[in-house]
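# Structural features, examined
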Amino acid sequence: MNHLFFFYTLAVLLIGSALGIILARNPVYAVLSLVSTLFALSGLFVLLGAYFVAAIQVILYAGAILVLFLFVVMLLDLTPETLFKMKGGTLKLAGTLFGLFFLWQFAQAVRTFTPFPTSTTSSVAGTTAAVGKLLFTTYALPFEVASGLVVVGIIGAIVLAKKKVP
Amino acid sequence: MTLNHYLILSGILFTIGLVGVITRRNVIMILLSLEILLSAANLAFVAFSRALGDLSGQLMVFFVMIVAAAEVTVGLAIAVVLVRQTGKMGADELRGLKW
């Protein structure tokens, strides 16, 4: 009962703030809506027992990526006519229709979804210890490759941002 | 609370992000919508991880977050350079390769 209440509260918050992102005219409001979306998603992760993922969702996404977004939005002093106009009416209509079609297909797929045998042996809790053990044993190589990707991202950002305007 | 509730929620979130990518013209708004798409995938990963009793789904979320961080860093740097050089932000105006 409690679980259901929290699920629906967080789901409404999630959908509402996600709609706020794509409908906002001011980019600062869109970024702040994304913060709200990510906090709601973090709450859903806690409901699912993924505590470590919920924590890094708040720290990494809401803490680092969103601040980066906000800095860039504020740094780029956009003139009003370059500011966030929607595309033409036909394209907006086409996008919405495509989205509804996609959602309908997805609902059909989920409705006819045969439930596979779920493991009832242990309800896994995604604590830091459990996730960390798996991360440094089974997924040690992908973890190292990911660190390489982050280094490439840092160097790329520095090279791009330092480029002089001709 | 079954798996299907979370999957439907993830599908709705993915649809919202998809509509955002299609209908928005600004590069920054497209990047924000991409974040919604990645978050929807993360929700599905964690829901399946819970249903299957396997922690690998949560590891995948961790890696998706790392990829999202790298993507946003480089994407926003490109957006800054774009505005500095052309003064425009629209994805429609990127025609530099065609002369």
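Our structure is the block above this text.
Starting from 1, residues in each chain are numbered consecutively following that chain's sequence as written. Ligands are numbered from 1 and chains lettered from A, in the order in which they are written. In view of the model being predicted, local features appear only for residues whose pLDDT reaches at least 70, and side-chain atom pairs are presented and counted only at 80 or more, with totals across whole chains, interfaces and linings using the full set of residues. Note that the side-chain values use all heavy atoms of the structure and ignore hydrogens as well as water.

Attention shifts here to the overall build of chain B. Helices and strands together make up the secondary structure of chain B, namely three helices and zero strands. Reading the helices (α) and strands (β) of chain B from amino to carboxyl end gives α-α-α. Note on exposure labels: buried denotes an accessible area under 20% of the residue type's maximum, exposed denotes more than 50%, and partly exposed covers the range between, all computed with a 1.4 Å probe on protein chains only. Relative to its full complement of 99 residues, chain B shows a buried share of 59%. Considering only residue pairs separated by 6 or more positions, chain B has 58% of its internal contacts joining residues 24 or more positions apart. All accessible areas in this document rest on Shrake-Rupley with a 1.4 Å probe, and a residue is counted as covered only by the protein chains that are shown. Here chain B displays about 3,900 Å² of accessible surface, and carbon together with sulfur accounts for 68% of that area. Per the convention used, a helix needs a DSSP run of H or I reaching at least four residues, while a strand needs a run of E reaching at least two, with both numbered from the N terminus. Whether two residues are in contact is decided by their heavy atoms, any of which lying within 4.5 Å being enough.

Okay, helix 2 (residues 27–52) of chain B next. The span you would expect from a helix comes to 1.5 Å times its residue count less one. If you check helix 2 of chain B, its first and last C-alpha atoms are 38 Å apart, about what 26 residues at 1.5 Å a residue would give, namely 38 Å. Polar contact is the term for a pair of N or O atoms within 3.5 Å; when the atoms are in protein, one must be able to donate a hydrogen and the other to accept it, and sequence-neighboring residues count only if both atoms are side-chain atoms. One side-chain oxygen at the N-terminal end of helix 2 of chain B lies 2.9 Å from the backbone nitrogen of I28 of chain B; it belongs to N26 of chain B.

When the parts come together, some accessible area is lost, and that loss is often what is quoted as the size of the interface. The interface is formed by 70 residues belonging to chain B together with 79 residues belonging to chain A. Joining two parts hides part of their accessible area as seen by a 1.4 Å probe, and the buried area is that hidden amount summed over both. Together chain B and chain A conceal approximately 6,900 Å² of surface at their shared face, both sides included; 80% is due to carbon and sulfur atoms. Between the two partners, chain B and chain A, sit six residue pairs in polar contact (both at pLDDT 80 or more). Those elements that provide at least two residues to the side of chain B that touches chain A are helix 1 (3–23), helix 2 and helix 3 (56–86) of chain B. Among the elements that line the side of chain B that touches chain A, the one with the most residues is helix 3 of chain B, at 24 residues.

Quick look at the nonpolar core now. Here the nonpolar core consists of buried residues drawn from Ala, Val, Leu, Ile, Met, Phe, Trp, Tyr and Cys, with membership extended through side-chain atoms lying within 4.5 Å. Counting residues in hydrophobic clusters, the biggest one holds 71 residues, and the most contacted among them are L44 and F69 of chain A. Put simply, the parts of the chain that give this core at least two residues each are helix 1 (2–23), helix 2 (27–47), helix 3 (51–75) and helix 5 (128–137) of chain A together with helix 1, helix 2 and helix 3 of chain B. In terms of residues, this core owes the most to one element, helix 3 of chain B, which gives 13 residues. Domain boundaries shown here were taken from an automatic or database domain assignment. Split by domain, this core shows at least three residues from each of two domains, domain 1 (1–99) and domain 2 (127–166) of chain A.

Only Phe, Tyr and Trp rings are paired, with Trp represented by its six-membered ring, and only when their centres lie within 6.5 Å; those with planes under 30 degrees apart are stacked, over 60 edge-to-face, the remainder tilted. Following the criterion strictly, the structure yields nine aromatic pairs over all chains and no others. With a centroid separation of 5.3 Å and 75° between ring planes, the pair formed by F7 of chain A and Y8 of chain A is classed as edge-to-face. Pairing F136 of chain A with F143 of chain A gives two aromatic rings, centres 5.1 Å apart and planes at 80°, and the pair type is edge-to-face. Note on F143 of chain A: relative accessible area 23%, which makes it partly exposed. Three or more aromatic residues joined by ring pairs form one cluster here, namely F52, F136, Y139 and F143 of chain A together with F62 and F63 of chain B.

For helix 3 of chain A, with 25 residues, the first-to-last C-alpha span of 34 Å sits near the 36 Å given by 1.5 Å per residue. What the bend at a residue measures is the angle between two axes, fitted to the seven residues ending there and to the seven starting there. The sharpest bend along helix 3 of chain A measures roughly 30° and falls at L66 of chain A. Among the residues of helix 3 of chain A, those classed as buried are F52, V53, A54, I56, Q57, Y61, A62, I65, L66, F69, V72 and V73 of chain A. Buried residues along helix 3 of chain A sit against helix 2 and helix 5 of chain A together with helix 2 and helix 3 of chain B.

Before going further, it helps to spend a moment on the packing of helix 3 of chain A against helix 2 of chain B. One can describe the packing of helix 3 of chain A onto helix 2 of chain B by two numbers: an axis separation of 12 Å at closest approach and a directional angle of 175°. With respect to helix 2 of chain B, the element helix 3 of chain A is oriented roughly antiparallel. Here V53, Y61, I65, F69, V72 and V73 of chain A of helix 3 of chain A lie close against helix 2 of chain B, whose contacting residues are I28, L31, L32, E35, L38, S39, N42 and V46 of chain B. Throughout, an axis means a line fitted to C-alpha atoms (over the contacting stretch in the case of helices), and angles, computed between N-to-C directions, take values from 0 to 180 degrees. For classification, angles of less than 35 degrees are called roughly parallel, those exceeding 145 degrees roughly antiparallel, those between 65 and 115 degrees roughly perpendicular, and all remaining angles oblique.

Here we come to the environment of V35 of chain A. Take V35 of chain A: it is sitting in helix 2. For the pair formed by V35 of chain A and V58 of chain A, sequence separation is 23 residues and the distance between their alpha carbons is 8.9 Å.

Moving on, we get to the environment of L18 of chain B. Counting through the fold element by element, L18 of chain B comes out in helix 1. With a relative accessible area of 17%, L18 of chain B lands in the buried category. Remark: the alpha-carbon pair of L18 of chain B and I30 of chain B, spanning 12 residues in sequence, is separated by 9.5 Å. Every residue in contact with L18 of chain B, bar those within four places of it in the chain, is listed here: F98 and F102 of chain A together with L37 of chain B.

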